[in-house]
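Chain by chain, the residues run as shown.
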Amino acid sequence: MKVLERTENIDTEKYLNISSSAGVTSNVVTYDKYIELIIDSLELRSKDRLLDLYFGMNPITSFILDEAKVNYFALETSHKLVENATNRFKRNIAKRKALFSVFEVNDIPYVNNFFNKILSINPRINNFELLEYLNLTYQKLSEQGLMSLAFTIKSYEESLKLLECINVSPFAINDFMIFDVSMYHKSSENHIKSVLFKLSKN
């Protein structure tokens, strides 16, 4: 569900009022649709350099490599996850369309302004590290670059805390959406709430 769409800095007090009335009406989307919406938010173009931070075991890698003609760079802190992905996508690596590497937290091993797009789903950082993380990713984006940042949340209040932090970062908040994601079953126990921020470097 698109709760708010603004091209200027977001007024968090105004959003508080909107979210209090909209909080019970989150639309349910399937997991596949959720992945599709995340990919759409990146506005991928042919030959874009895309950085996927904390790619984990998320199937979005397959969607991107199958559908988008981009140069895909993926970073993880786990050697095991990098090894698994390297084995799984060795054909893409051989074509020089994908690269999986290990990195240290807050040490992205690429020059500034290198990437056109950055994707980060549930980065393994705490709220105190988020602003530093955003400052770092901002430096790695080229001018007019986009970043899609998604978190699993438990409540609207949690999304507001994220919003407040992002709002003082260098990024412009183009849009954000809150979803109730159905994990293939209709029972509430198989739903997760997620917030997706679409950010830009202007």
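Remember, it's a predicted structure, so these values are computed and weren't measured experimentally. For every chain, the first residue of the written sequence is number 1, and numbering continues from 1 along that sequence. Predicted model: local features are reported for residues with pLDDT of at least 70 only, side-chain atom pairs are reported and counted for 80 or more only, and whole-chain, interface and lining totals are derived from all residues. Based on all heavy atoms of the structure, the side-chain values leave hydrogens and waters out of the count.

1. Digging into the packing of helix H6 (residues 127-140) against helix H7 (residues 156-167)
Here is step 1 of the chain: Fitted lines through C-alpha atoms serve as axes, helices being fitted only where they are in contact, and the angles separating the N-to-C directions of these axes extend from 0 to 180 degrees. Comment: elements are numbered from the N terminus, with helices defined as DSSP H or I runs of at least four residues and strands as E runs of at least two. Direction vectors running N to C along H6 and H7 enclose 35 degrees, while the axes themselves pass 9 Å from each other. Crossing of H6 over H7 shows right-handed handedness. On H7, the residues touching Asn127, Leu130, Leu131 and Leu134 of H6 are Leu162, Cys165 and Ile166.
Here is step 2 of the chain: Three classes are used: nonpolar for Ala, Val, Leu, Ile, Met, Phe, Trp, Tyr, Cys and Pro, charged for Asp, Glu, Lys and Arg, and polar for all others, with Gly counted as polar. Of the residues assigned to the contact of H6 with H7, the class counts are 6 nonpolar, 1 polar and no charged. Here a crossing is taken to be left-handed if its near helix is turned anticlockwise relative to the far helix by less than a right angle, and right-handed if that turn runs clockwise. Any two residues whose heavy atoms approach within 4.5 Å at even a single point are treated as in contact.

2. Details of the side chain of threonine 137
Here is step 1 of the chain: Relative to the assigned elements, threonine 137 resides in helix H6.
Here is step 2 of the chain: As used in this structure description, the phrase polar contact means that two N or O atoms lie within 3.5 Å; if the pair is within protein, one of them must be able to donate a hydrogen and the other to accept it, and residues adjacent in sequence are counted only when both atoms belong to side chains. At 3.1 Å, the side chain of threonine 137 and the backbone oxygen of leucine 134 are in polar contact.
Here is step 3 of the chain: In this structure, threonine 137 is in contact with Leu53, Ile108, Ile118, Met147 and Phe171, ignoring residues within four places of it in sequence.

3. Looking at unusual backbone geometry
Here is step 1 of the chain: For glutamate 43, which is not glycine, the phi dihedral falls at a positive 50 degrees.
Here is step 2 of the chain: Position of glutamate 43 relative to the elements: it lies in the loop between helix H2 (31-42) and strand S3 (49-53).
Here is step 3 of the chain: Between buried and exposed lies partly exposed: a residue is buried under 20% and exposed over 50% of the maximum accessible area for its type, with that area taken using a 1.4 Å probe on protein chains only. A relative accessible area of 38% places glutamate 43 in the partly exposed class.

4. Section: the side chain of serine 62
Here is step 1 of the chain: Among the structural elements, serine 62 can be located in helix H3 (residues 60-67).
Here is step 2 of the chain: Once you skip the residues sitting within four places of it in the chain, serine 62 turns out to touch Arg88 and Phe89.

5. Quick look at the packing of aromatic side chains
Here is step 1 of the chain: The aromatic pairing rule takes the rings of Phe, Tyr and Trp, using the six-membered ring of Trp, and pairs them if the centres are within 6.5 Å, calling planes under 30 degrees apart stacked, those over 60 edge-to-face and the rest tilted. Going through the model one piece at a time under the given rule, you end up with 15 aromatic pairs.
Here is step 2 of the chain: Residues tyrosine 34 and phenylalanine 179 carry aromatic rings whose centres are separated by 5.7 Å and whose planes lie at 70 degrees to one another, so their mutual orientation is edge-to-face. Here phenylalanine 179 lies in strand S8 (residues 172-182) and tyrosine 34 lies in helix H2, a separation of 145 residues in the sequence. The same class applies to tyrosine 34 as to phenylalanine 179, namely buried.
Here is step 3 of the chain: Here the aromatic rings of phenylalanine 55 and phenylalanine 100 are separated by 5.4 Å at their centres, their planes lie at 70 degrees, and the arrangement is edge-to-face. Remark: phenylalanine 100 occurs in strand S5 (residues 98-102) and phenylalanine 55 occurs in the loop between S3 and H3; sequence separation between them is 45 residues. Phenylalanine 100 shares its class with phenylalanine 55; the two are buried.

Structural measurements only, silent on function.
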